Amino acid sequence: MNQTPLTPRVNAAGYPMEDGIFGVNVEITRRGFFGGLSAQMLNNRKLFAGADAPAGWDCEGFERVTDRPFESLCHSSFVILKNGTMSQTSADIALQKGRTYEAAVWVRACADTATVTFGVAGKEQTFTVAATNQPFTALSFIFDGEDLDDGTFTVKVNGEAAVFEVSLLPTDHFFGMRRDVIEALRAIGPTSLRFPGGCAADHFDWKESLKDPAYRTPTDGSSKWFLFRDSYDQDTLDIGLNEFMMLCRELHAEPELTVSLILSDGEDARRLVEYCNGDAATEYGAKRQALGFDPFGIHLWYVGNEAYFFGGAYQPSAVAAARTDELIAAMKSADPTIAVAIGLTWGYGYREWAHDFMNRLQSGFEYVSYHDYIGILPDATQGDNGMATCEMLESNFADGECFGLHFYRDDLYADCFEKIRVCVDEWNYSWGKDSSGALLFSNALQFHFFAKGKVTYHIDRAEFFMPVNEGMVFVRGNTCKTESTGELFRLMQSHRGGRVIPCESGNPALDILCTDHGGHLYLSVVNRKDTPVELTAEGYGIAACTELRTGEYSFTNNDFAVIQSADATVHGHSVLFMKLAK
């Protein structure tokens, strides 16, 4: 095996490694929340989705009620069981021996009394409910778990009773979230969390999310098929604004919020900023304090998200610019210290939109948003593993340039780019995809590009989209494990606090990120090709090596290993992390 010498240029000017590029975008979407971060095990638990019967539930002896949402505590559809049953069997209903769980239903007896039996199969309990003038009765019990996958939850009524919603949670949940997923995120170490994400912001009612979870009206995402496709085009809003803030505090991560152009007018946006950052003397700051929370101190706010695609009435550039001005002025009136990121695009079909938007915008801003998905997916002509796409990825970012950011720098902001800061608030190989060797390889090159793009493109923040069930952490039932891109982020953390400097190798197969930490250098080296490369660094001792090694380089294989050794060899399409002692 030929050796490749590395030559770090420690005397180069360099620049600080930005902590901001270690952010993640925790959008409420797909299996990121339900079936992921959320501890709730029952899908469509508020019975909102479905036509003739609630989606995800098998029902007998029932009436589906969709035209009287005011009767439900969460203003949703509901079911009346008449000597009937409703049950759900799912891989998300998963228990463990040694843990305790709480089962709950919210019901109303329709006449006289009814008996209600509910719970996981083999763990049910029965209650008698009398008809009263109260809108509902909340029933719950705690039980000991047994090892169970693919469980069944059943509600059975003898007599007649309305069933409004149900719940199944571990008793040790953290504000409705899974502790094992939180620990996995903690190990990855994100520096910031963006919420409620991008497209989900156009369906997120922040004031509704402040209520007790049982009272929150489900979010209807049926206008965007990709948003809540794993929960019947709806979200039960179990993780709201306050829960998100508790997650940020638990992870010691900076919170970032997206304000919708569609849902928020100026007054609503002002109240949201006041709720998050105002003191107890303000109207909405007092509401937050009354709920038991000190000021959140959220600094970075995104105004709008892909309005040029999904803006509806606010899609035209003139309307979007006017709305953006309205929101920014109102938000900064509540807290002049906040930073604002405006939503733009580099897409070829929308460049005229971007120019017109910027020409009309009157407000000041601190960041411009940039979304960066590689997005080239295998097709039928490429074979099962998409090798043509894999070969294309080998040359990605090889020249350190990006045509989308070229548009920002050389066209849209040609006269003022020195004042512009870029936040890549959505990036990944592609959204909605499971982890694989090809995604890891692409994500490693992309992260290197962001870290090395500060001078060329003014990138100082980035948010990976998204960490749970789309590359970083895999969650199913009782399973929670860190995926290859999660390990990539964890190992990249050792670059933090360093100074980015050039490192030359003379080998075009290698993509290198090098940071100088005073007493040592830290390098991450991506091998673009199949052939292993042995590395040397003259004048430096190799203090430690960790390789993130892929198995088969494809979109269909997810085998990888984290290998620690003294061997400074980076295998094909893998990443080697090296600590060099001076």
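Note that the coordinates shown come from a computational prediction; the quantities given were computed from them, not determined experimentally.

About the thresholds
- Residues numbered from 1 in each chain as written.
- Predicted model: local features only at pLDDT ≥ 70, side-chain atom pairs only at ≥ 80, totals over all residues.
- Heavy atoms only, no water.
- Buried < 20%, exposed > 50% of the residue type's maximum accessible area, 1.4 Å probe, protein only.
- Helix = DSSP H or I, 4+ residues; strand = E, 2+ residues; numbered from the N terminus.
- Pairing = 2+ DSSP bridges.
- Core = buried A, V, L, I, M, F, W, Y, C linked by side-chain atoms within 4.5 Å.
- Contact = heavy atoms within 4.5 Å.
- Axes fitted to C-alpha atoms, helices over the stretch in contact; angles between N-to-C directions.
- Parallel < 35°, antiparallel > 145°, perpendicular 65-115°, else oblique.
- Left-handed = near helix turned anticlockwise from the far one by under 90°.
- Nonpolar A, V, L, I, M, F, W, Y, C, P; charged D, E, K, R; others polar.
- Salt bridge = Lys/Arg side-chain N within 4 Å of Asp/Glu carboxyl O.

Participant: Explain the pairing of strand S12 (residues 160-170) here, please?
Facilitator: Every regular strand shows the same layout, with side chains that alternate between the two sheet faces. Across the 11 residues of S12, 10 count as buried, placing the element largely inside the fold. The pairing of strand S7 (residues 100-109) with S12 spans 9 bridges and is classified as antiparallel. Opposite Tyr101, over in S12, you have Pro170 as the bridge partner.

Participant: Explanation requested: the nonpolar core in the structure shown.
Facilitator: The nonpolar side chains of soluble globular proteins are, as a tendency, buried together. One finds Trp301, Ile342, Leu344, Tyr408 and Tyr413 to be the most contacted residues of the largest nonpolar core, which totals 118 residues. For this core, the leading source of residues is helix H11 (residues 437-452), giving 10 residues. Setting aside residues no more than four positions away along its own chain, Leu344 makes contact with Tyr308, Trp353, Ala354, Phe357, Met358, Val368, Ser369, Tyr408, Leu412 and Tyr413. Residues Leu42, Met86, Val105 and Leu139 belong to the second largest nonpolar core, which totals 30 residues.

Participant: Is there a simple way to explain helix H13 (residues 484-492) in this structure?
Facilitator: Since the α-helix advances by 3.6 residues per turn, residues separated by three or four positions end up pointing in the same direction. Most of H13 sits out of view: 8 of its 9 residues are buried. All of the buried residues along H13 are Ser484, Thr485, Gly486, Glu487, Leu488, Phe489, Leu491 and Met492.

Participant: What should I look at first to understand the packing of helix H2 (residues 179-188) against helix H3 (residues 241-251) in this one?
Facilitator: Two numbers describe a pair of packed helices, the interaxial angle and the distance between the axes. With their axes 10 Å apart at the nearest point, H2 and H3 run at an angle of 50° to one another. In this view, H2 runs oblique relative to H3, as classed from their interaxial angle. Pair H2 / H3 crosses with right-handed handedness. Side by side, H2 and H3 meet where Ile182, Leu185 and Arg186 of the first sit next to Leu247, Glu250 and Leu251 of the second.

Participant: What should I look at first to understand the sheet that holds strand S27 (residues 520-527) in this one?
Facilitator: Strand pairing in a sheet relies on backbone hydrogen bonds. The paired strands run either parallel or antiparallel. Spatially, the 7 strands line up as an open sheet ordered S3-S24-S26-S27-S32-S29-S30, and their pairing is antiparallel. Two strands lie at the open edges of the sheet, namely strand S3 (15-16) and strand S30 (560-565), each paired on one side alone. As judged from the 6 bridges shared by strand S29 (residues 541-550) and S30, these two strands associate in the antiparallel manner. Its bridge partner being in S30, Thr546 is matched across the sheet by Gln564. Packing against the sheet, H11 makes contact with S3, strand S24 (499-501), strand S26 (510-516), S27, S29 and strand S32 (575-581), and its axis sits at approximately 45° to S26.

Participant: I would appreciate a short explanation of the packing of helix H7 (residues 317-334) against helix H8 (residues 351-360) in the present structure.
Facilitator: Closest axis-to-axis distance for the H7/H8 pair is 8 Å, and the angle between their directions is 40°. Classified by the angle their axes make, H7 and H8 are oblique. Judged by the sense of rotation from one axis to the other, the crossing of H7 with H8 is right-handed. Two secondary-structure elements touch here, H7 through Ser317, Ala318, Ala320, Ala321, Thr324 and Asp325 and H8 through Trp353, Asp356, Phe357 and Arg360. Partitioning the contact of H7 with H8 into residue classes produces 5 nonpolar, 2 polar and 3 charged.

Participant: Is there a simple way to explain the sheet that holds strand S1 (residues 3-5) in this structure?
Facilitator: Spatially, the 3 strands line up as an open sheet ordered S1-S28-S31, and their pairing is mixed. Each edge of the open sheet carries a strand with a single partner, namely S1 and strand S31 (569-570). In the sheet, strand S28 (residues 533-536) pairs with S31 via 2 bridges, with the strands oriented antiparallel. Bridge pairing in S31 places Val533 opposite Val570.

Participant: When you look at unusual backbone geometry in this model, what are you seeing that I'm missing?
Facilitator: Leaving glycine aside, a negative phi is the common case for residues, and trans is the common case for peptide bonds. In the segment running from Phe195 into Pro196, the intervening peptide bond is cis, with an omega of -5°. Assignment of secondary structure puts Pro196 in the loop between strand S13 (192-195) and strand S14 (219-220). Here Phe465 and Met466 are connected by a cis peptide whose omega angle stands at -25°. Position of Met466 among the secondary structure elements: in the loop between strand S21 (459-465) and strand S22 (473-476). Positive phi outside glycine occurs at Tyr232, with the angle close to 60°. Look at Tyr232 and you get partly exposed, because its relative accessible area is 37%. Despite not being glycine, His252 shows a phi value in the positive range, around 55°. The residue His252 is located in the loop between H3 and strand S16 (254-259) in this model.

Participant: What is the right way to read the side chain of Asn396 from this model?
Facilitator: Tracing the sequence through the fold places Asn396 in the loop between helix H9 (387-393) and helix H10 (403-412). Apart from the residues within four sequence positions on either side, Asn396 is in contact with Ile374, Leu445 and Arg528.

Participant: Hey, could you run me through the pattern of salt bridges in this one?
Facilitator: Think of it this way: side chains of opposite charge can pair up when their charged atoms draw near. Under the counting rule described, the total for this entry stands at 37 salt bridges. Among the salt bridges present, the one from Glu18 reaches Lys454, with a minimum N-O distance of 2.5 Å. Separated by 436 residues along the polypeptide, Glu18 in the loop between S3 and strand S4 (23-25) and Lys454 in helix H12 (residues 454-457) bring together distant segments of the chain. Taking relative accessible area as the criterion, Glu18 reaches 22% and is therefore assigned partly exposed.

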